[in-house]
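# Residue-level structure breakdown
One-letter residues, chain by chain:
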Amino acid sequence: MELLTTVGPLILMFAIFYFLLIRPQQKQQKKVREMQDSLSKGDKVVTIGGMHGIVDSIDEEKVVIKAGDGSRLTFDRRAVRDVVEQKGISMEKA
């Protein structure tokens, strides 16, 4: 019984941390990973640096983004923060 009163609060704190902090973060990471895996040519994207552009080409690790002035910049696939428009389908949040 004494062991339960000693270990019980620790188990309760771990459960609270898991459901309030760890689990939501894992869900968000999964969502971002799925978004980055579903990138395709023609998608309008925003990088983690805030650059807006259109995906010109893509491979397993890198994505080439065409900026507004026509220049093409190569980024790691992980550098894409958000897809604004997916091949003509607007994804902006209202």
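Owing to the predicted nature of the structure, the values given are computational and were not obtained by experimental measurement. (Residues numbered from 1 in each chain as written. Predicted model: local features only at pLDDT ≥ 70, side-chain atom pairs only at ≥ 80, totals over all residues. Heavy atoms only, no water.)

## Focus on helix 1 (residues 2–37)
Quick note on the threshold: Secondary structure elements are defined from DSSP: runs of H or I of at least 4 residues count as helices, runs of E of at least 2 residues count as strands, and each element is numbered from the N terminus. By definition here, a helix of n residues has an expected span of 1.5 Å times n minus one. Fitting axes to the seven residues ending at a residue and to the seven starting there, one defines the bend at that residue as the angle between these axes.
Relative to the 52 Å expected for 36 residues at 1.5 Å per residue, helix 1 spans 51 Å between its end C-alpha atoms, a close match to the ideal helical length. Of all the bends in helix 1, the greatest, near 45 degrees, is centred on Tyr18.

## Regarding the side chain of Thr47
What counts is decided by this rule: Contacts are assigned to residue pairs with any non-hydrogen atoms lying within 4.5 Å of each other.
Take Thr47: it is sitting in strand 1 (residues 44–47). Discounting chain neighbours no more than four positions away, the residues touching Thr47 are Ile65, Phe75, Ala79, Val80 and Arg81.

## Re the UniProt feature "transmembrane region" (unreviewed entry) in the chain
Operational definition: UniProt positions are given in the numbering used here, feature names are shortened, and annotations may be inferred rather than shown by experiment.
When the UniProt feature table is mapped to this numbering, "transmembrane region" (unreviewed entry) covers residues 6–23. The distance separating the terminal C-alpha atoms of residues 6–23 is 26 Å; by composition the span is 100% helix and 0% strand.

## Looking at the nonpolar core
The condition that has to hold: What makes a nonpolar core is a set of buried Ala, Val, Leu, Ile, Met, Phe, Trp, Tyr and Cys residues whose side-chain atoms join them at distances within 4.5 Å. For every residue, the accessible area obtained with a 1.4 Å probe (protein chains only) is divided by the maximum for its type, and the residue is called buried under 20%, exposed over 50%, and partly exposed between those limits.
In this structure, Met35, Leu39, Val45, Val55, Val63, Ile65, Val80 and Val83 together form the largest nonpolar core, which totals eight residues. Residue assignment for this core shows that the elements contributing at least two residues are strand 3 (62–66) and strand 5 (80–86). Residues contacting Val55, with those up to four places away along its chain left out, are Ser40, Lys41, Gly42, Asp43, Val45, Val63 and Val64.

## Re the environment of Ala15
Secondary-structure assignment places Ala15 in helix 1. Along the primary structure Ala15 and Val32 are separated by 17 residues, whereas in three dimensions their C-alpha atoms are 25 Å apart.

## Thoughts on the packing of aromatic side chains
For any pair of aromatic rings, the description rests on two quantities: the centre-to-centre distance and the angle between the ring planes. Put simply, the rule reads: Each Phe, Tyr or Trp ring, with Trp reduced to its six-membered ring, pairs with another whose centre is within 6.5 Å; inter-plane angles below 30 degrees give stacked pairs, above 60 give edge-to-face pairs, and intermediate values give tilted ones.
In total, this model carries one aromatic pair according to the counting rule given. Ring centres of Tyr18 and Phe19 lie 5.1 Å apart, and the angle between their planes is 80 degrees; this geometry places the pair in the edge-to-face category. Classification of Tyr18 as partly exposed rests on a relative accessible area of 29%.

## Focus on the pairing of strand 3
In the case of a regular strand, side chains alternate between the two sheet surfaces. Here is the rule we go by: Only strands that DSSP links by at least two bridges are regarded as paired with each other.
Note: strand 2 (residues 52–58) against strand 3, four bridges, orientation antiparallel. Looking at strand 3, one finds that Ser57 is bridged to Val64. Connecting strand 2 to the next strand, strand 3, in antiparallel fashion are three residues. Taking the residues between adjacent antiparallel strands as the criterion, strand 3 and strand 4 (residues 72–76) are bridged by five residues, where Gly70 takes a positive phi near 95 degrees.

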